[in-house]
Amino acid sequence: MKKRVLSMLMAAVMLISALPVMGASAANGKEFPDVYRGKWFAKYVYPVAEKGIINGDNKGLFNPGNKLKRCDVITMLSLSAKSQEELKAYEDMELCPDSKQGQWYTKSVNWAAQEGVIAAGENFRPKDDITRIETVELVYSMHKVHPELVPLTPKKEAKDFPDTANITESQKEALDACTMGGVIDGNDKGMFNPYDTLTRDQASRIICDMLEFEPWPDSKIPEKPKPQFVAPTTGSKNGATYVEFDPQYFNAKIALANGRLDSAASYSSILSGQNAYIAVNGAMFNHLNGANTTYGSFVSNGKVLRIMRPDMANVKREAAFVIDTNGKASIQWMNINQSIVRVSSADGTETKAIESVGMNETVGNNDGSRMVYTSEFASKVSGKVAYAFAVDSSDTITKVYTSASDVPVPKGGYVLFTRLARDPWTDRFFTQAAAGDKLKRTIKYAGSTVQNVQTLISCGPTVLKNGSIFTNYSSEGNYDSHVLGSGVHMLIGVKADGKAVIAYASGSQQSMGSIMKSLGCTSAINVDGGASTYLNCNGKTFITPGRNLTNMLVFTKKQ
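What counts as what
- Residues numbered from 1 in each chain as written.
- Predicted model: local features only at pLDDT ≥ 70, side-chain atom pairs only at ≥ 80, totals over all residues.
- Heavy atoms only, no water.
- Core = buried A, V, L, I, M, F, W, Y, C linked by side-chain atoms within 4.5 Å.
- Buried < 20%, exposed > 50% of the residue type's maximum accessible area, 1.4 Å probe, protein only.
- Contact = heavy atoms within 4.5 Å.
- Helix = DSSP H or I, 4+ residues; strand = E, 2+ residues; numbered from the N terminus.
- Pairing = 2+ DSSP bridges.
- Axes fitted to C-alpha atoms, helices over the stretch in contact; angles between N-to-C directions.
- Phe/Tyr/Trp six-rings, centres within 6.5 Å; stacked < 30°, edge-to-face > 60°.
- Lys NZ or Arg CZ within 6 Å of the ring centre and 35° of its normal.
- Disulfide = S-S within 2.5 Å.

Asks: With reference to specific residues and values, describe the nonpolar core.
Replies: Counting 55 residues, the largest nonpolar core has Ile278, Phe321, Tyr373, Phe417, Ile502 and Phe555 as its most contacted members. Residue contacts for Ile502: discarding those within four places in its chain leaves Thr241, Tyr242, Val243, Phe245, Ile278, Val280, Met490, Leu491, Ile492, Leu535 and Phe555. Of all hydrophobic cores here, the second largest spans 40 residues; its members include Cys71, Val73, Trp111 and Ile206.

Asks: For unusual backbone geometry, give the residues involved together with the corresponding values.
Replies: In this chain, Gly460 is followed by Pro461 through a cis amide linkage whose omega measures 5°. The backbone phi angle of Asn538 is positive, close to 50°, even though this residue is not glycine. On the secondary structure map, Asn538 appears in the loop between strand S23 (535–537) and strand S24 (540–543).

Asks: Talk me through the pairing of strand S25 (residues 551–557); I want residue IDs and the actual numbers.
Replies: Of all the 7 residues making up S25, 6 are buried; the element is thus mostly covered by neighbouring parts of the structure. Direction of pairing for strand S3 (residues 250–256) relative to S25: antiparallel, over a ladder of 7 bridges. When the sheet's bridge partners are listed, Ile254 is paired in S25 with Leu553. Two strands pair when backbone bridges link them, and strand S4 (residues 278–281) and S25 are joined in this way by 4 bridges, in the antiparallel orientation. For Val280, the partnering residue across the bridge sits in S25 and is Leu553.

Asks: Can you break down the sheet that holds strand S9 (residues 318–324) residue by residue, with the values?
Replies: Read from one edge to the other, the open sheet built from 6 strands follows the order S8-S7-S17-S9-S10-S16, with strand pairing classed as antiparallel. Only two strands of the sheet have a single neighbouring strand rather than two, namely strand S8 (303–306) and strand S16 (438–446). Taken over all neighbouring pairs, the strand axes of this sheet differ in orientation by 40° on average, direction set aside.

Asks: Requested: an account of the pairing of S8, with residues and values cited.
Replies: The pairing of strand S7 (residues 298–300) with S8 spans 3 bridges and is antiparallel. Pairing of Val299 across the sheet is with Val304, part of S8. A loop of 2 residues connects S7 with S8, the two strands running antiparallel in sequence, and Asn301 in this loop sits at a positive phi of about 50°.

Asks: Break down helix H5 (residues 106–115) for me, citing the residues and quoting the values.
Replies: Most of H5 is tucked away: 8 of the 10 residues are buried. Buried within H5 are the following residues: Thr106, Lys107, Ser108, Val109, Asn110, Trp111, Ala112 and Ala113. Residues of H5 that are buried in the fold lie against helix H3 (70–81), helix H4 (84–87) and helix H6 (132–145). Phi turns positive one or two residues past the end of H5, at Gly116, with a value near 90°.

Asks: I'd like a rundown of the packing of aromatic side chains, residues and numbers included.
Replies: Per the counting criterion, the structure on display carries 21 aromatic pairs. Summarising the aromatic geometry, the rings of Phe229 and Tyr249 are spaced 5.8 Å apart at their centres and angled 70° between planes, so their arrangement reads as edge-to-face. With Phe229 in the loop between helix H8 (200–210) and strand S1 (233–237) and Tyr249 in the loop between strand S2 (240–245) and S3, this pair connects stretches of sequence that are 20 residues apart. Through a chain of ring-to-ring contacts, three or more aromatic side chains come together here, namely Phe32, Trp40, Phe41, Tyr44, Tyr46, Phe62 and Trp216. Directly above the ring of Phe124 sits Arg70, whose terminal nitrogen or CZ lies 4.4 Å from the centroid. Positioned above the aromatic ring of Trp333 is the side chain of Lys465, whose terminal nitrogen or guanidinium carbon lies 4.5 Å from the ring centre.

Asks: With reference to specific residues and values, describe the state of the cysteines.
Replies: Tallying each qualifying case throughout the model produces 0 disulfides. The thiol of Cys71 is unpaired, and the distance to the nearest cysteine sulfur, on Cys96, comes to 13 Å. Judged by relative accessible area, which is 2%, Cys71 ranks as buried. The structure places no disulfide on Cys459, whose sulfur is separated from the nearest cysteine sulfur, that of Cys521, by 16 Å. The buried category is assigned to Cys459, whose relative accessible area is 13%.

Honestly, it's all geometry; don't read function into it.
Structure representation (structure tokens):
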């Protein structure tokens, strides 16, 4: 009888978000796209589903984190004693004032009221979320009314939880019975969380344990399904030409001209061998007199290529288009902070971190900044340095330099240096170093809601921020008049559903904000435009640049 009770309980759990639609069960080869290897609840869901007592919603999803309501749990309890057909006898009653006829849960509430599981004549609050302690109370009430169905046979000692001191005596009695019966437990920190809402993933474990099913090993649990590719959409609207796409289907990277920062080449040369599905010109650069100095921070495939130091007088946060490691796009406003700790090879001691270490920016002779150079920026640190380390790809110092000139940058590694000495105490980070020491580099995206950055390109100005048109451009820096004025502008924005929109249009920056909002974006930034404007999607080129470029943002299709 106990197995029948719980089979009906779980069937009710899965009906919650999809009544009366029933999906195919795992017994028939069904795999829930949101229940896969690595999810803690997967090993509990599938053994129950294998018995044909779990069903998904009308889209075949399990919806593990969905909250349960009081009407959901009372439906589980009613189905533990009666079939759906038998419960029809309770449809025409109204034993609780707030459970009127015609609601999908009415027959279950009426059954519970008639059986004495809940109080007849009182409001049941069917649409309220149900807490874990309320669930325990209802299960215990069901046990007292129908012990032959829900015996709660003691299997272990009752457990005292640190966060249940304020529950009532009757709630404590119910909780003890349920914990002794092995039907409910605390979390990995030993807390019960009595006032948290019960969720479907929690229910899957409860049911699996109560039915004494063996949890599935990883080898039986399906792997995370690969998302089915959805091609980008392209079009024109309000004077803008745009490409809209879901970044989760693509790998994003920064393509550099000649593989170097601050170098320039034709767009076709930069894209050669990139296998680009979508490509757009990137951050702004100074093309005058062949300088090709690129502005903005870059992260490509998880590798930081450049950190722009903030101009503290004018720039508080960089505006950046970000793709995280899960393939989700966002617009962030941040400063990238790099800190480095040196670990002694002699005794393993760690130094105090040096903070605000730059990355691949020009450092003048009288600039005391700590800076990292990689081969993407230079083959050597031209000029004099007070201290420098040559570091290999494993972050091991291979050579220490003091009062040196033209320090070479190792391929695959980097140089950490400072041109100016400070004071003996501060300079110990450098003066006490030895070959073989390790460096521990930490990157933090200050001000960003995303830290697991996979690819990032910063530019500006912001034209749309959190759904509102943004015009306070001076807060982000001193932009040239041709950037702020009318002309061709390239824009990158993100919609509320996480899709990215790349578009170009002619007009003022303020009008660009209106355009990106009309395309459904909630936030958007300007990238390089004018003669640098380039956009291609799936082999179709919409506009080509009138000059060489230094960098491009490239999206390749995931395999």
